[in-house]
Amino acid sequence: MVTIKEIASAVGVSSATVSRVLNYDPTLSISTRKRQAIIETAEALNYATPRNRSRAAAQAVGVGLKIALVHFLDPAQELADPYYVGVRLGIESRCQALKSEVVKVFLTGNPPEATILEGASGVVAVGHYYGDELEWLRRHSRHLVFADYAPAGDMEDTVLSDVSLAMTRLLEAVHAMGYRRIGFIGWIDAFYGPDNIHSERRCRTYIDWMTRAGLYDPELCMVEPMTPDSGYKLAKAMLSKPNPPKILITCNDNMALGAYRAIHETGLRIPEDIAVASFNDIPVAQFLGPPLSTVKIPAELIGETAVDLLLERLSGREVAKKVVFGTEIVWRGSTPAPAETANKADDIVSAEPVLKIPG
């Protein structure tokens, strides 16, 4: 395997210069001709960076492996939530590319035979696991990676998006538009039980942010255990209140679908009477009437990366790694984009005036 020292010798520069060029150090002062010679020599000699060598080794490890995909939803529940379909497809497509076998396990009730996990080289667990289920996974998995979830502690590899940060950015954006009556509907995280029903990360962030802004109204925050009808029922209940919100944020796009139905049945218009924003950006979001504004979370990439983390473990990495992907707010017709907001309604507070400097 070619080394940096060999490239340096071939070009006639120091090893440090070669390293800085190949790592794209912007502070390095070197002629364009010399930089090009280093890059071309590295390519001609098939030089691979340590990171790329590790990646290639991990891919080689994946050939012929058996990987258990453990899902916290049963097939019918998953089919009703396209976001988690995306996570699973990311796992399966990455395994297919690596020529690894995938064994699907649904941990939705009594644990299956532990031999399924023990016979696999590693486990990718999709979704949220607590208590006995979490300990069961840890006890029977040779290597364990969580996709779309990070349990307490730093024992396992995890990959997810920061929905708390995404909620903060969404609230800041709609507040800048002038909205003050901001409602939220979501689900109760089963782990925390009836005494702490607002523990789900998006819900907790909403309450904390609205409280700091002096805008929190408990009447505008409604949650219940997740069912296919949760979005419809909660939106219907919130719209029946004497002073309903002017924008409704839902915990995910499935709940937004139910909220749309409730809003239309009530005779209100989106976004003229009430705006809607959500999370996940499932495929149907762009085809609603009007199209749904939503936070885009890279579901398939989360699944693919979970497999890569597992292969790194199998290749010898010992320290746990947590990968957090960024998110993007996709503005569509259900919420005016920030640059397009025209505060025409009396119930939307005007944004702070902008100081224009003549130029």
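See above for the structure.
Here the structure is a predicted model, which is why all the values come from computation and not from measurement.

**With respect to the sheet that holds strand S7 (residues 221–224)**
Phase 1 of the analysis: Taken in spatial order, the 6 strands of this open sheet run S7-S6-S8-S9-S10-S12, and their pairing is mixed. Of all the strands in the sheet, just S7 and strand S12 (328–330) have a single pairing partner and so form its edges. Along the sheet, successive strands turn relative to each other by an average axial angle of 20°, direction set aside.
Phase 2 of the analysis: Inspection of the sheet shows strand S10 (residues 293–296) paired to S12 by 3 bridges, in the antiparallel sense. The partner of Val-295 across the bridge, within S12, is Ile-329.

**Describing the nonpolar core**
Phase 1 of the analysis: Of all hydrophobic cores here, the largest spans 73 residues; its most connected members are Ile-182, Phe-184 and Tyr-206.
Phase 2 of the analysis: Two domains share this core, each providing at least three of its residues, namely domain 2 (64–161 + 300–325) and domain 3 (163–297).
Phase 3 of the analysis: Listed in part, the 17 residues of the second largest apolar core include Leu-107, Leu-137, Leu-144 and Phe-146.

**Describing the sheet that holds strand S4 (residues 144–147)**
Phase 1 of the analysis: Across the sheet, 6 strands lie side by side as S2-S1-S3-S4-S5-S11; this open sheet has parallel pairing. Each edge of the sheet is formed by a strand with only one pairing partner; in this case those strands are strand S2 (101–106) and strand S11 (322–325). With direction set aside, neighbouring strand axes in the sheet form an average angle of 15°.
Phase 2 of the analysis: Inspection of the sheet shows strand S1 (residues 66–71) paired to S2 by 6 bridges, in the parallel sense. Pairing of Leu-69 across the sheet is with Lys-104, part of S2.
Phase 3 of the analysis: Packing against the sheet, helix H6 (residues 82–98) makes contact with S1, S2, strand S3 (122–126) and S4, and its axis sits at approximately 180° to S1.

**Some thoughts on the packing of aromatic side chains**
Phase 1 of the analysis: Counted under the stated rule, the structure contains 8 aromatic pairs.
Phase 2 of the analysis: A centroid spacing of 5.3 Å and a plane angle of 25° characterise the contact between Phe-184 and Tyr-206, whose relative ring orientation is stacked. Residue Phe-184 is found in strand S6 (residues 182–187), and its partner Tyr-206 is found in helix H10 (residues 201–212); the two are separated by 22 residues along the sequence.
Phase 3 of the analysis: Looking at Phe-184, the relative accessible area reads 0%, which means it is buried.

Parameters at a glance
Residues numbered from 1 in each chain as written. Predicted model: local features only at pLDDT ≥ 70, side-chain atom pairs only at ≥ 80, totals over all residues. Heavy atoms only, no water. Pairing = 2+ DSSP bridges. Helix = DSSP H or I, 4+ residues; strand = E, 2+ residues; numbered from the N terminus. Axes fitted to C-alpha atoms, helices over the stretch in contact; angles between N-to-C directions. Core = buried A, V, L, I, M, F, W, Y, C linked by side-chain atoms within 4.5 Å. Buried < 20%, exposed > 50% of the residue type's maximum accessible area, 1.4 Å probe, protein only. Domains from an automatic or database assignment. Contact = heavy atoms within 4.5 Å. Phe/Tyr/Trp six-rings, centres within 6.5 Å; stacked < 30°, edge-to-face > 60°.

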